[in-house]
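A look at the structure
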Amino acid sequence: MYTYIGKRLLLAIPTLLIISVFVFSLQKLLPGDPVLAMAGEDRSPQVLELLREKYRLNDPVVYQYGYWLAGAVKGDLGISLRTNQEVTTLIAEKLPVTIQLAVMSIVFALLIGIPMGILAAVKKNTALDLVANFIALCGLSIPNFWFGIMLILFISVKLGWLPASGYAPFFEDPLHSIETMIMPAFVLGNALAATLMRHTRSSMLSVLSADYIRTARAKGLSERAVVLQHSFRNALLPIVTVTALLFGELLAGAVLTEQIFTIPGFGKLIVDAVFNRDYAVVQGIVLCTATGFIMMNLVADVLYVLLNPRMRTAL
């Protein structure tokens, strides 16, 4: 098992390297000059030249990438051109917010999507199946920003149950932090639940038609045991894959949802960085997000081994 994990981690190194080259090259194609935005309106040619020298913007692109990569290997992702803060500090401030939102969102998605998918598969072509598919279709079709606004109007403005916006750090005030995160997490989790429901239903239908399921029923096992112990466990592999990908997507930040609920996460940070041509921040966030995707895929691979006895035997 440890050898398998080690090989997967080694494969992550060239992947991250390719992603960093790709992002570094593309952002250089963006129009505009970050130095002009930094210098302000009363800028002079001398100030512009000093800033370009300070941030090595006069060097060839290959050299700029080399300097950045050498620092990234040491844990230094550079300095924000806009705020003059270290990128690692900015990421350390925003990452806990994004992780909390992602975890709560995926919990909502799992609690809603998987039971609905199982019920829809077991009750195929019944009214329950149609209702589950209709709810999933609504979850995929309704825009998150509209759903978020409707929740704010009803839950916060009319009923006064939860705060409409804002954020409180979890370790400073856990209860208030959860209260501020429930609505945005539900908005994101509702959309993800629709995707999980469709994959769970499809995976369960393919397993329920297998020969060993008919054998289990012929032996007199209860329907509950057949569905949960035999069918669902064997249908988990594609569900694990989808969940890992969805969680990685959440780590990249949910721009509109964060804007509506005024959550200071990755979404707002990367949008501001792109508009301000803050290259170092964009590179740092993309590298962090790519690392999150790779780690979630690694977690999915480990779960494959734990869930599939044949893979454990092969390893």
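Quick notes on the rules
Residues numbered from 1 in each chain as written. Predicted model: local features only at pLDDT ≥ 70, side-chain atom pairs only at ≥ 80, totals over all residues. Heavy atoms only, no water. Salt bridge = Lys/Arg side-chain N within 4 Å of Asp/Glu carboxyl O. Helix = DSSP H or I, 4+ residues; strand = E, 2+ residues; numbered from the N terminus. Buried < 20%, exposed > 50% of the residue type's maximum accessible area, 1.4 Å probe, protein only. Arc of directions from axis to C-beta. Contact = heavy atoms within 4.5 Å. Axes fitted to C-alpha atoms, helices over the stretch in contact; angles between N-to-C directions. Parallel < 35°, antiparallel > 145°, perpendicular 65-115°, else oblique. Left-handed = near helix turned anticlockwise from the far one by under 90°. Nonpolar A, V, L, I, M, F, W, Y, C, P; charged D, E, K, R; others polar.

For the rest of this paragraph, the subject is the pattern of salt bridges. Scanning the model with the defined rule gives two salt bridges in all. Arg201 is the partner of Asp129 in a salt bridge, and the nearest nitrogen-oxygen pair spans 2.9 Å. Of the two residues, Asp129 is situated in helix α6 (residues 127-141) and Arg201 in helix α8 (residues 174-208); the sequence distance between them amounts to 72 residues. Relative accessible area serves as the criterion here: at 2%, Asp129 is assigned to the buried category. Residue classification places Arg201 among the buried residues on the basis of a relative accessible area of 15%. The salt bridge partner of Asp211 is Arg214, with a shortest N-O separation of 2.1 Å. Residue Asp211 and its partner Arg214 are both found in helix α9 (residues 211-218); the two are separated by three residues, about one turn of the helix.

On to helix α13 (residues 266-275), then. Along an α-helix, residues three or four apart share an orientation, since each turn contains 3.6 residues. Buried within α13 are the following residues: Phe266, Gly267, Leu269 and Ala273. All buried residues of α13 project into a common sector of 165 degrees when viewed along the axis, lining one side. Elements that come into contact with the buried residues of α13 comprise α5 (87-122), α11 (236-251), α12 (255-260) and α14 (279-307). Looking at the residues trailing α13, positive phi occurs at Arg277, about 55 degrees.

Where α11 contacts α14, the two axes come as close as 9 Å, and the packing angle between them is 165 degrees. For the element pair α11 / α14, the angle class is roughly antiparallel. Considering how the two elements wind past one another, α11 and α14 form a crossing that is right-handed. On the side of α11, the interface is formed by Leu236, Leu237, Val240, Thr241, Ala244, Leu245, Phe247, Gly248, Glu249 and Leu251, while α14 contributes Thr289, Gly292, Phe293, Met296, Asn297, Ala300, Leu303, Tyr304 and Leu307. Partitioning the contact of α11 with α14 into residue classes produces 13 nonpolar, five polar and one charged.

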